[in-house]
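So the chains spell out like this:
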Amino acid sequence: MEILFYIWAAAAVYLILHYLFFHSRLLFHKVKQHDFLSPVSVIICAHNEKENLRENLPVVLSQRYKQFEVLVVNDHSTDGTLQLIEELSQKYPNLRTLNFTKEKIGRGKKEALIFGIENAAFEHIVFTDADCKPASENWLSSMVSYFSYKDIVLGVSPYYFKNNLAGWLTRWETFLTAQQYLSFAKAGMPYMGVGRNMAYTKSVFEKSSKMKAHLKLPSGDDDLLIGEVATASNVAINMNPDAFTYSDAPSTFKDWWQQKRRHLSTSYHYKSRPTIFLGIFGLSQMLFYLLLLPVFFFHGHTGIFFLLLLAKLFLQIITMAPFASRIKQNKAPVLFILMEPLVAVLLAVVHFQNKIFGNSRDW
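One structure accompanies this document, and this report is about it. (Residues numbered from 1 in each chain as written. Predicted model: local features only at pLDDT ≥ 70, side-chain atom pairs only at ≥ 80, totals over all residues. Heavy atoms only, no water.)

## Some words on the overall build of the protein
When you go through the protein residue by residue, the secondary structure sums to 14 helices and 10 strands. With the C-alpha coordinates of the protein rotated into their principal frame, the extents come out at 75 × 45 × 40 Å. Taken across its 363 residues, the protein has 56% of its residues classed as buried. Taking all contacts inside the protein whose residues are at least 6 apart in sequence as the whole, residues at least 24 apart take part in 85%. In the protein, 37 side chains carry a positive charge and 29 a negative one; their mean positions are 6 Å apart. (Helix = DSSP H or I, 4+ residues; strand = E, 2+ residues; numbered from the N terminus. Buried < 20%, exposed > 50% of the residue type's maximum accessible area, 1.4 Å probe, protein only. Contact = heavy atoms within 4.5 Å. Lys, Arg positive; Asp, Glu negative; His and termini not counted. Charge placed at Lys NZ, Arg CZ, Asp CG, Glu CD.)

Next comes the structure, spelled out in structure tokens:
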């Protein structure tokens, strides 16, 4: 039992150091938006997204920005998506349609996305998904403002809350993911972004090879590119609530599970340094909670146990609560009490399943 205590204590110490070195950086982040007047392209890939586009595309097209095009790439849709886009283009002259009909050699939306980037009219490009709705009419202007001094902009994209197990899991896991990738970017180790809300230049894309090299992966159109070309000097993060995009959370636990399998299928291709830190963090989380009760009841180091337990909880809360407030996720500090242990274990199982069985999802 003594060895279990030392394993638990090591996990607790790592989590404390992780909160201090990474998550605390977001407490001091300042908004540095500047005027940016160059024309931009917005790219949305759509596969059978007729109803989502009917709901969300007018919001994108009505952004308060002087010159921009919205390029919707219709990716082999069969539900009337193409007809809806062409209908909307009669009302919105800045809407362009690309019909991607080439037989796909890979999986997911990477080929459609590459097709869109190659046909975009402008150098600066903002990306979102068909099922995402910008939080305000200033979403686009806020995202592109960082192009005045950076080549890549990482945005925030929460999910609409659903009051069920999948909704609670999604809210906590999405919050933690945002806290991780934004704080790692602040620490000079950008490793991912979310394709629901990000921006980069054509020049950045042209330096990337991983998106084309991993066409068979069902995910990775966002994080693989960021992990390859992002540096400490060319990335900005945007935590302005006006610049968020929102989408619906998975409806069921099965949907959430499949989404995580798809998302995590690319994590094995991240840069080595972030992968090491993220791997140790996930392992430490799991060991911290799995060993918590055995160590509490059967060890003899009561003082050290409570010192580490309280230090971990204190630092987690003081780095979490202000960030949660800034990204309009005020329930996150309450959620972690129930969701963090569960999600830590579930994600470990998802990783194991992906390693053993692979991933068969496409879109």
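## Details of the environment of E86
Tracing the backbone through its elements, the reader meets E86 in helix α3 (residues 81-89). Judged by relative accessible area, which is 40%, E86 ranks as partly exposed. Taking C-alpha positions, E86 is 26 Å from V144, a pair spaced 58 residues apart along the chain.

## Notes on the pattern of salt bridges
Pairs can form between side chains of opposite charge once their charged atoms are near each other. Across all of its chains, the model carries 7 salt bridges by this definition. R64 is the partner of E137 in a salt bridge, and the nearest nitrogen-oxygen pair spans 3.5 Å. Placement of E137 in the loop between β5 (133-134) and α5 (139-145) and of R64 in the loop between α2 (50-61) and β2 (68-75) is noted, with a sequence separation of 73 residues between them. The partly exposed category is assigned to E137, whose relative accessible area is 40%. Residue classification places R64 among the exposed positions, given a relative accessible area of 54%. Ionic pairing is found between K260 and E173, a salt bridge with its closest N-O pair at 2.8 Å. Here K260 is found in helix α10 (residues 253-264), whereas its partner E173 is found in helix α6 (residues 165-186), with 87 residues between them in sequence. By the burial criterion, K260 is buried, and E173 matches it. (Salt bridge = Lys/Arg side-chain N within 4 Å of Asp/Glu carboxyl O.)

## Examining the nonpolar core
Judged by nonpolar contacts, the single largest core of 80 residues is most densely connected at W8, I43, I152, L154, W172, L182 and Y200. Listed in part, the 30 residues of the second largest apolar core include L57, Y65, F68 and L84. (Core = buried A, V, L, I, M, F, W, Y, C linked by side-chain atoms within 4.5 Å.)

## Examining a nonpolar patch on the surface
Taken together, M1, L293, F296, F297, F298, F306 and L310 make up a surface patch of nonpolar side chains, about 770 Å² in accessible area. Looking at the nonpolar patch, the elements that each hand over two or more residues are α12 (292-298) and α13 (302-326). The element best represented in the nonpolar patch is α12, accounting for 4 residues. Mapping F296 onto the fold places it in helix α12. (Patch = residues over 30% accessible without salt bridge, like charges linked within 9 Å, V, L, I, M, F, W, Y side chains within 5 Å. Areas by Shrake-Rupley, 256 points an atom, 1.4 Å probe, with all protein chains shown as cover.)

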